[in-house]
Structures are given as structure tokens and as C-alpha cells.
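Structure assessment
The residues making up each chain are set out below.
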Amino acid sequence: MDAVRLLKASQHALAQSRAVLDIVAEAWQAQALAQAIGGHLAATGPPELRGEARGLSEAGSRGCAVLDHPGLRRDGIRAAQLSEVTDAASVLTSLGGLLGDVAMALVSVACATDEEGLYWQCIEAIDAADESGDRVRGMLRRLTLRERDRSAEILRDSTTGPP
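As the structure is a prediction and not an experimental result, all values here were calculated from the model. (Residues numbered from 1 in each chain as written. Predicted model: local features only at pLDDT ≥ 70, side-chain atom pairs only at ≥ 80, totals over all residues. Heavy atoms only, no water.)

**Concerning the side chain of S10**
Considering the arrangement of structural elements, one finds S10 in helix α1 (residues 3-16). Taking the relative accessible area as the measure of exposure, S10 reaches 1% and is therefore buried. Residues within four places of S10 in sequence aside, it is in contact with E26, L33, R78 and L98. (Helix = DSSP H or I, 4+ residues; strand = E, 2+ residues; numbered from the N terminus. Buried < 20%, exposed > 50% of the residue type's maximum accessible area, 1.4 Å probe, protein only. Contact = heavy atoms within 4.5 Å.)

Structure below.
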């Protein structure tokens, strides 16, 4: 399944989550998606993104590890359905938005809980979502620079055409 569809499904599921365990499960799902998208882009994405994409995959993996929830529900792990990333910029933009929403949802859970273990899980998961978001923003900057350089090259070639 295309990454954009998976991200939309995750965004919707997070928005519908009201119970603490559902929010934690969706945070886990989002980090699993970050890991999968990072791995996919590291293997098949534009060369200038591959190093940062590996970092995103690792950050997503750490995000999954800090949450004490398997993230499994009736539909299983969404990230396992990832088959393609057709437009890296739109996928990264959507992933960045999802990670921001996850961090905000986890802040709400952390502020509302009296359970110390859950509180610290949320704090660590917020840090992991933040790190993943930083990786996403870094890759978006690289894509923007690549497009700007391509546009400048096309403009330069069009103005220095044949004599």
C-alpha cells in the first residue's frame, strides 16, 4: 500500500483515539511507519536522502522500543503494508504532520496520568517523535534544495541555449 494512504489511515486512527491505550498504540503505529518509510527511502529513495532516511528508520525503531505497547489491534501493524513511496516530499510532509500530532497526543496522556511508568514512556516517546520529526524536516530541506538546484540549472540551460 502507498505510504500516503497508510499515513492518512494513521492520522484518522489517532484523531479517533480517546482511550490512553489507543493513543499509545497509535503513537507506536506512527513510529513503526517512520521506521518503514525511512527504510524504504534509504533503499530506494533519492541518493541525497539515503543517509538521513537511515537515521529516520533508526529513530522510528527507538520510538517503537520506548512504548510498552505492541501496537497490534484487529488490523495489525500498518507499516507492514507499506509497498511504495511514490512522492517522497508529500509522504515526508504527511509523516511530519503525523509525528507532530502524535507528540501532542502523548503530551496530553503524560499530563493526565498518575502512573509514573506511563508518564516516562510518554516523555521518551515524545523525544523519539521529535527526533523522527527532525529527520523528516532535514530530508524535506534536502528535497527543496535539490529542486531549487534543478530549477536553476534548467533556467541557466534555457538562457545559454545554442548560439
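After presenting the structure, the write-up continues.
**Here we look at helix α4 (residues 88-112)**
With 25 residues, α4 extends 36 Å from end C-alpha to end C-alpha; this agrees with the ideal 36 Å at 1.5 Å per step. Of the positions making up α4, those classed as buried are A88, V91, L92, L95, L98, L99, V102, A103, A105, L106, V109 and A110. (Expected span 1.5 Å × (residues − 1).)

**Topic: the environment of L99**
Locating L99 in the fold gives a position in helix α4. On the basis of relative accessible area, L99 is assigned to the buried category, the value being 2%. Ignoring any residue separated from it by four or fewer positions in sequence, one finds L99 in contact with Q31, A129, S132, G133 and V136.

**A word on the pattern of salt bridges**
Between side chains of opposite charge, pairing is possible as soon as their charged atoms come close. The tally for this structure, following the rule as stated, stands at 7 salt bridges. When the shortest N-O distance is used, the salt bridge between E26 and R78 registers 2.9 Å. A residue pair is termed long-range when its members are at least 10 positions apart, and E26 in helix α2 (residues 20-44) and R78 in the loop between α3 (50-66) and α4 qualify at 52 residues. As far as the burial class goes, E26 and R78 line up, both buried. R146 is the partner of E48 in a salt bridge, and the nearest nitrogen-oxygen pair spans 3.1 Å. With a gap of 98 residues between them, E48 in the loop between α2 and α3 and R146 in helix α5 (residues 116-159) connect regions that are remote in the sequence. Judged by its relative accessible area of 22%, R146 is partly exposed. Where salt bridges share partners, they join E48, R146, E147 and R150 into one cluster. (Salt bridge = Lys/Arg side-chain N within 4 Å of Asp/Glu carboxyl O.)

**Considering the packing of aromatic side chains**
With the rule as written, the count across this model stands at 1 aromatic pair. Between the aromatic rings of Y119 and W120, the centroid separation amounts to 5.0 Å while the plane-to-plane angle is 85°, which identifies the pairing as edge-to-face. On the basis of relative accessible area, W120 is assigned to the partly exposed category, the value being 43%. (Phe/Tyr/Trp six-rings, centres within 6.5 Å; stacked < 30°, edge-to-face > 60°.)

**Looking at the nonpolar core**
With 45 residues, the main nonpolar core has I37, L41 and L95 as its most contacted residues. Taken together, the elements giving at least two residues each to this core come down to α1, α2, α3, α4 and α5. Beyond its immediate chain neighbours, meaning those up to four positions away, I37 contacts A3, L7, L82, V91 and L95. (Core = buried A, V, L, I, M, F, W, Y, C linked by side-chain atoms within 4.5 Å.)

Read these as spatial facts, not as claims about activity.
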